[in-house]
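Chain and residue survey
Here's the letter readout for the chains.
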Amino acid sequence: MTSTVVTGIGELVTNDPGLGSDGPLGVIRSAALVIEDGLVAWVGEAQHAPIADREHHLAGRCVVPGFVDSHSHLVFAGDRGAEFSARMAGARYDGGGIAQTIAATRAATDDELRLRIEARVAEMAAQGTTTVEIKSGYGGTAAEESRALRLAGEFTSETTFLGAHLLPDPEQADAFIAEITGPMLAASLPYSRWIDVFCEPSTRYAFDYDQAKHVLQAGAAAGLGLRVHGNQLAHGPGVRLAVELAAASVDHCTYLDGEDIDALASSATVATLLPGVEFSTRSPYPDARRLLDAGVQVALATDCNPGTCYSTSMPFMIALAVRELQMTPAEALWAATAGGAAALRRSDVGVLRPGARADVAVLDAPSYVHLAYRPGVPLARALRL
Ligand code: NIG
Ligand code: FE
């Protein structure tokens, strides 16, 4: 068992307020970190660092917990660049394009899909992401959904069954929901930790409150944790449903009313904001300030998918959150790390304290503030020793 002391850390964000200054971020300046067996063994001021087998010097760089991207759809083939161009010329997003990606994904072999997931996960790591959740949702049948989850499971333990992503024909809704909660769920279960549903009654391609509730309850009965896509395109019942069923997270939260905010504030459900979606669909941004000021736990994620946000970059989401959602640089970093961990109900990531996973992002900058201050500059990378 080899130990490594990482020295020369100008600013270490631990996300443990007991370990440092700056409130929830628990910042230690002129810090060191000892890694042993993939876990954090020690953090503190460099002058007190214990001896280790090896030393890795960072020349004053900033270290933060690796980003936790708690919402992505990485299992897909093809792209929808033409749909994006049409939107930039004024077309609205309604979810109908999902069918195109389902067709392209079904046509791809396992090896093709595996290479695409691998490349996207590598893009994420190159930008500081060390934990990623991956959803299915471009399969549409039991065999295709379970294939997507089996492949996703080669890259992460945070796999989410999203059989209820596209309602192909509202006339056949009952039969399709029986398929999702029956054979699709059964085939996907061995490869899934979570279940998710696109609850958005404002479009004919998604699921209403009763349909979404039925799907989530079937998943919960099978032992899956709950997540919801809600309130993305218009005000709707997604947030209410997520809180009612004690889902770990409700994602998007673009259109909320006061009742939604109150419900979230008195629940353990995390509000996951996906500002890359508003950027890429030219939509109004969610009101993060109202959520934060009400005491709601907020996470940031990419939602990487070919329709609403084809970006793997958590630093870009942080920059958008600061510039467009009026979050402070500290709030945005917390949401992209500890917030994502809370959305996945994980206490071993999103934090750098003894016993946590040594999932570390190094910034080519003296402070985490530079993530938003220098947008578009590749400052962050996952530390590989
Ligand atoms: O999170 N809104 C539903 N699902 C995805 C988009 C999927 C797609 O358009 O391919 C989302 O935005
Ligand atoms: Fe999504």
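Note on numbering: residues in each chain are counted from 1, in written sequence order. By the order in which they are written, chains take letters starting at A while ligands take numbers starting at 1. Where local features are concerned, this predicted model is filtered to residues with pLDDT of at least 70; where side-chain atom pairs are given and counted, the filter is 80 or more; whole-chain, interface and lining totals use all residues. Note that water and hydrogens are dropped before the side-chain values are worked out from all heavy atoms of the structure.

Let us now look at the overall build of the protein. Counting secondary structure elements, the protein contains 13 helices and 15 strands. Since a compact globule built from 385 residues should have a radius of gyration of about 21 Å, the 20 Å found for the protein is in line with a globular shape. Projected onto its principal axes, the C-alpha coordinates of the protein cover approximately 70 × 45 × 40 Å. Relative to its full complement of 385 residues, the protein shows a buried share of 56%. Any two residues whose heavy atoms approach within 4.5 Å at even a single point are treated as in contact. Put simply, 70% of the contacts in the protein that link residues at least 6 apart link residues at least 24 apart. When the accessible surface of the protein is totalled, it reaches about 14500 Å², and 52% of it is carbon and sulfur. When charges are tallied, Lys and Arg are placed among the positive residues and Asp and Glu among the negative ones, while His and the ends of the chain are skipped. Note on charges: their place is set at NZ of Lys, CZ of Arg, CG of Asp or CD of Glu. Taken together, the 29 basic and 45 acidic charged side chains of the protein have centroids lying 3 Å from each other. By the criteria applied, helices consist of DSSP H or I runs no shorter than four residues and strands consist of E runs no shorter than two, each listed in order from the N terminus. Taken over C-alpha atoms, the radius of gyration is set against a globule rule of 2.2 Å times the number of residues to the power 0.38. Exposure is judged per residue with a 1.4 Å probe applied to protein chains only, and the accessible area is read against the type maximum: over 50% gives exposed, under 20% gives buried, and values in between give partly exposed. Accessible areas in this description were obtained via Shrake-Rupley with a 1.4 Å probe; residue shielding takes into account the shown protein chains only.

One heavy atom suffices: a residue is near a molecule or strand as soon as one of its heavy atoms comes within 4 Å of it. Near ligand 1, the surroundings consist of 15 residues, among which R80, Y93, Y138, D303 and T308 are the closest. For the purposes of these results, a polar contact is taken to be a pair of N or O atoms within 3.5 Å, where, inside protein, one atom must be able to donate a hydrogen and its partner to accept one; residues adjacent in sequence count only when each atom of the pair is a side-chain atom. Taking H252, its side chain carries an N or O atom lying 3.1 Å from an oxygen atom of ligand 1. In the environment of ligand 1, an oxygen atom lies 2.7 Å from a nitrogen or oxygen atom belonging to the side chain of T308. In the complex, the protein chains occlude 100% of the 330 Å² of accessible area that ligand 1 would expose alone. The residue inventory of the shell around ligand 1, partitioned by class, reads 4 nonpolar, 9 polar and 2 charged. Residue polarity is assigned by list, with Asp, Glu, Lys and Arg as charged and Ala, Val, Leu, Ile, Met, Phe, Trp, Tyr, Cys and Pro as nonpolar; anything else, Gly included, falls into the polar class.

We now examine the environment of L115. If you trace the backbone, L115 turns up in helix α3 (residues 110–125). Given the relative accessible area of 56%, L115 is considered exposed. Note: C-alpha distance between L115 and G355 (240 residues apart in sequence) is 33 Å.

Any N, O or S atom lying within 2.8 Å of the metal counts as a donor, and for Na, K and Ca the limit rises to 3.2 Å; water is left out, so some sites can look incomplete. Coordination of the iron ion (ligand 2) by the protein is provided by H71 (NE2), H73 (NE2), H229 (NE2) and D303 (OD), with metal-donor distances spanning 2.0 to 2.3 Å. Along the chain, the residues donating to the iron ion (ligand 2) are arranged with the sequence spacing H-x1-H-x155-H-x73-D. In this pair, H71 is assigned in the loop between β5 (67–69) and α1 (81–88) and D303 in the loop between β13 (298–300) and α11 (314–324), connecting sequence segments 232 residues apart. The two residues H71 and D303 agree in class, both being buried.

Note on terminology: a nonpolar core comprises buried Ala, Val, Leu, Ile, Met, Phe, Trp, Tyr and Cys residues joined through side-chain atoms within 4.5 Å. Ranked by size, the top nonpolar core spans 68 residues in total, and within it V64, F67, L291, L300 and L333 carry the most contacts. Of the residues forming this core, the biggest block, 6 residues, is contributed by helix α5 (residues 173–188). Apart from residues lying up to four places away in sequence, V64 is in contact with V13, L333, L352, V360, A361, L363 and Y368. Membership of the second largest hydrophobic core comes to 16 residues, among which are I28, I35, V40 and V360.

A word on the packing of helix α4 (residues 142–152) against α5. Two elements in contact, α4 and α5, have axes whose closest approach is 8 Å; the angle formed by their N-to-C orientations is 40°. If you check the angle between α4 and α5, you find them oblique. As for the relative orientation of α4 and α5, their crossing is right-handed in sense. Every residue of α5 that contacts α4 at A142, E145, S146 and L149 is listed here: E179, P183, M184, A187 and S188. Residue composition of the contact of α4 with α5, by class: 5 nonpolar, 2 polar and 2 charged. For every element, the axis is a line fit to its C-alpha atoms; helices are fit only across the contacting stretch, and the angle between N-to-C directions ranges from 0 to 180 degrees. Any angle from 65 to 115 degrees is called roughly perpendicular, while one under 35 is roughly parallel, one over 145 is roughly antiparallel, and all others are oblique. Two helices crossing with the near one rotated counterclockwise from the far one by less than a right angle form a left-handed crossing, whereas a clockwise rotation gives a right-handed crossing.

Right, let's talk about the pairing of strand β9 (residues 194–199) for a bit. With 6 of 6 residues buried, β9 lies mostly within the body of the structure. Alternating positions in β9 separate into two faces, W194, D196 and F198 on one and I195, V197 and C199 on the other, with burial throughout. Whether two strands pair depends on DSSP finding at least two bridges between them. Sheet topology places strand β8 (residues 159–164) next to β9; 3 bridges connect them, and they run parallel. Bridge pairing in β9 links T160 to W194. In the classification by handedness, the crossover that spans β8, the intervening α5 and the parallel β9 is right-handed. The crossover handedness rule: strands pointing away from the viewer, path from first strand over the helix to second strand clockwise, crossover right-handed. After leaving β9, the chain enters helix α6 (residues 209–221) and then returns to the sheet as strand β10 (residues 225–230), a path that is right-handed.

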